[in-house]
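What follows is the residue order along each chain.
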Amino acid sequence: MALETQYKTLAKTQILNNAEKMKNQGQRFVQILALRDKKGCNLVYSFMKDNVLLNHTVTGVTEKTVIPSISGVFLEAFVFENEIHDLFGIGFEGIAIDFKGTFYRTSVDKPMTVIPKKEYDEAKVRANIEKQIKKTPDLSAMDADKAAKVAAALAAKKAKEAKKEAE
Amino acid sequence: MAINTIIPFGPQHPVLPEPIHLDLIVEDEKVVEAIPQIGFVHRGLEKLVETKDYNQFVYIAERICGICAFGHSMGYSETIERLMNVEIPPRAVYLRGIWHELSRVHSHILWLGLVADAFGFESLFMHCWRLRERVLDIFERTTGGRVIFSVCKVGGVTRDVDAGEFVHIIQTLEGIKKDYSEIMKTFLNDTSVKSRTVGIGYLSQQSASDLSIVGPFARASNVNNDARCLGNGAYGHLSEFKPVLSTDGDCYARIKVRCEEVLQSISIIEELIASCPAGDISVPVKGNPGDGEVATNVVEQPRGECFYYAKGNGTKYLERMRMRTPTSQNIAGMVAALKDCQLADVNMIVLTIDPCISCTER
């Protein structure tokens, strides 16, 4: 009884009906997977019964598309729908346990999270300023010889960067 | 009239080895609802396929989990071998099977120790972990590692095990079996164990089936989703494989299933060692996964079925790699088992599904 895998494409409008059909057939839910492509995302819904693994692909999903949640039929799908929402920015409607973008508590902009862009940009600016401050060495804390050498090196580096920019 | 109270449980809690948070809505001492929350340690490992080539990613895959490390490297390698139509030598298949079942033995004994610790049986916990050390010693002798082995690669395995080492493994397992049967007797017959587990966290066969739960958690409710029945890899060479099932569906049944699975795994290892063929341990793998080629795979990890999906793009980097771990599948089942339980039993119920949040947050 070796594993047999089947693939099929599915329209966005068929997602919920298909889930109900799978449930009625005694299939168990395996996972939902998001795949990026040039036009947006594809979603792969997997179901399994005995040794047959069914993969149903929904193509052309964008961040503006609202996908009906199948967690009403397969409760366990809520984990995957929240995950895809948080990591790929795809909206699901009617998730049984909806975390509204806080399922993954990460700190960078999507595809890792749904932190508002304004907050993310501000954090980025802050991080850059801190980096600049760290980069500039404190010459007053050095002895005179070393401070002169470091100042000369910094001036040379600055001149080199200015020259490169002018070119 | 009972008043609803929300009790936050985790992500830091003495009984939780990993960070999961539960909002427990309780009426007096009864839990009426549990809302789970994960995402505290998300690592973005799947995204690393964009920067690590398909050979390097084996070492990332085995770092998904410290307990089922070998299982993940094997599951990933098998998926890539399917993707690239690579057939590995029979000896490599057997060696993978032996290491994978040894991982199950150590994982289950580790878990039995944790559950003993959770219900306050400290000496039982220590005996379990003492036994587990002997399995880790086998790993160290045969692979050089105790947790991360790095012996699996796309195309086979990197280390062979000689006949003398096989004899040592058999002798060690015989010794473990003798000590383990004493520990198992305590788990299955002790009244203090039974008082904390019998009838607690019951999940019916129908609910387990409806919620698509996997692993020993499902088998304890008489639902067989054991991927070993598919006969992939070394399991196809076994004379017979019957999953361990129980109809009780409570915490005690989950302990019983894992207890019996340890002995089953030892029998599988003995059979695989006895019939392990001679020959090469790997084949060279050339080229890259084809553009748009897709492969899927399922592997029975100690905690349950793990699903793998790989898509190639014609380069040495994969387009997408997906590992759906057993715990993410079992979270809904855990929520169902927690419903209407007593507050004092929450830790036992959460632990008996053996949640691995670092697997889930790959």
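Residues numbered from 1 in each chain as written. Chains lettered and ligands numbered in written order. Predicted model: local features only at pLDDT ≥ 70, side-chain atom pairs only at ≥ 80, totals over all residues.

Visitor: What am I meant to see in the overall build of chain B here?
Guide: A tally of helices and strands in chain B yields 12 helices and 8 strands. Here the C-alpha atoms of chain B give a radius of gyration of 21 Å, agreeing with the 21 Å that 2.2 N^0.38 yields for 362 residues. For chain B, the spread of C-alpha atoms along the three principal axes comes to 70 × 45 × 30 Å. Put simply, chain B has 362 residues, and 53% of those count as buried. (Helix = DSSP H or I, 4+ residues; strand = E, 2+ residues; numbered from the N terminus. Rg over C-alpha atoms; globule rule 2.2 N^0.38 Å. Buried ≥ 20, exposed ≤ 12 C-beta atoms within 10 Å, placed from the backbone.)

Visitor: Please clarify how the sheet that holds strand β1 (residues 4–10) of chain A should be interpreted in this entry.
Guide: Paired through their backbone hydrogen bonds, the strands of a sheet run either parallel or antiparallel. Residue and element names in this part refer to chain A. Taken in spatial order, the 4 strands make up an open sheet running β1-β4-β3-β2, and their pairing is mixed. With one partner strand each, in any of the chains shown, β1 and β2 (28–37) form the two edges of the open sheet. Across this sheet, the average inter-strand angle for adjacent strands is 20 degrees, counted without regard to direction. Here β1 runs beside strand β4 (residues 52–61); their pairing, made up of 7 bridges, is parallel. Bridging from a neighbouring strand, T5 pairs with L53 of β4. Contacts from helix α2 (residues 78–88) reach β2 and β3 (40–49), with the element oriented near 10 degrees to β2. (Pairing = 2+ DSSP bridges. Axes fitted to C-alpha atoms, helices over the stretch in contact; angles between N-to-C directions. Contact = placed C-beta atoms within 7 Å.)

Visitor: Explain the sheet that holds strand β1 (residues 4–9) of chain B to me, please; I cannot follow it from the model alone.
Guide: All names here are of chain B. Reading across from one edge, β1-β2-β3 is the order of the 3 strands in this open sheet, with antiparallel pairing throughout. Because the sheet does not close on itself, it has two edges, and the strands there are β1 and β3 (30–37). Averaged over neighbouring strand pairs, the angle between their axes works out to 20 degrees when direction is ignored. Strand direction decides the pairing type here: β1 and strand β2 (residues 21–27), joined by 6 bridges, are antiparallel. The residue of β2 that forms the bridge with P8 is D23.

Visitor: Would you mind going over unusual backbone geometry with me for this structure?
Guide: Phi is mostly negative for residues that are not glycine, and the peptide bonds are mostly trans. Residues and elements named next belong to chain B. A positive phi angle, close to 55 degrees, is found at S150, a residue other than glycine. A positive phi is found at D340, a non-glycine position, where the angle reads about 70 degrees. Relative to the assigned elements, D340 resides in the loop between α10 (326–338) and α11 (346–352).

Visitor: When you look at the interface of chain B and chain A in this model, what are you seeing that I'm missing?
Guide: Accessible area lost during the coming together of the parts is what is often quoted as the interface size. Facing the 24 residues of chain B at the interface are 24 residues of chain A. Among the elements of the structure, β6 (294–301), β7 (304–312), β8 (318–324) and α10 of chain B are those that each provide at least two residues to the side of chain B that touches chain A. Considering every element that reaches the side of chain B that touches chain A, the biggest residue donor is α10 of chain B, with 4 residues. For the side of chain B that touches chain A, the class distribution of residues is 10 nonpolar, 10 polar and 4 charged. (Nonpolar A, V, L, I, M, F, W, Y, C, P; charged D, E, K, R; others polar.)

Visitor: Explain the environment of S239 of chain B to me, please; I cannot follow it from the model alone.
Guide: Residues and elements named next belong to chain B. Secondary-structure assignment places S239 in the loop between α8 (215–219) and α9 (251–274). Accessibility expressed as a C-beta count within 10 Å gives 6 for S239, which makes it exposed. Separated by 29 residues in the primary sequence, S239 and I268 have C-alpha atoms spaced 9.5 Å apart.

Visitor: So what exactly am I meant to see when it comes to the nonpolar core here?
Guide: Buried together is how nonpolar side chains tend to be arranged in soluble globular proteins. Counting 145 residues, the largest nonpolar core has L43 of chain A together with L338 of chain B as its most contacted members. With 14 residues, the top contributor of residues to this core is helix α3 (residues 90–118) of chain B. (Core = buried A, V, L, I, M, F, W, Y, C linked by C-beta atoms within 7 Å.)

Visitor: Can you help me understand the pairing of β8 of chain B in this one?
Guide: Each regular strand shows side chains that alternate between the opposite faces of the sheet. Residue and element names in this part refer to chain B. Judged by how many residues are buried, β8 sits mostly within the fold: 7 of 7 residues are covered. Inspection of the sheet shows β7 paired to β8 by 6 bridges, in the antiparallel sense. Bridge pairing links G312 to L318 in β8. Between the end of β7 and the start of β8, which pair antiparallel, lie 5 residues, with G314 showing a positive phi angle near 85 degrees.

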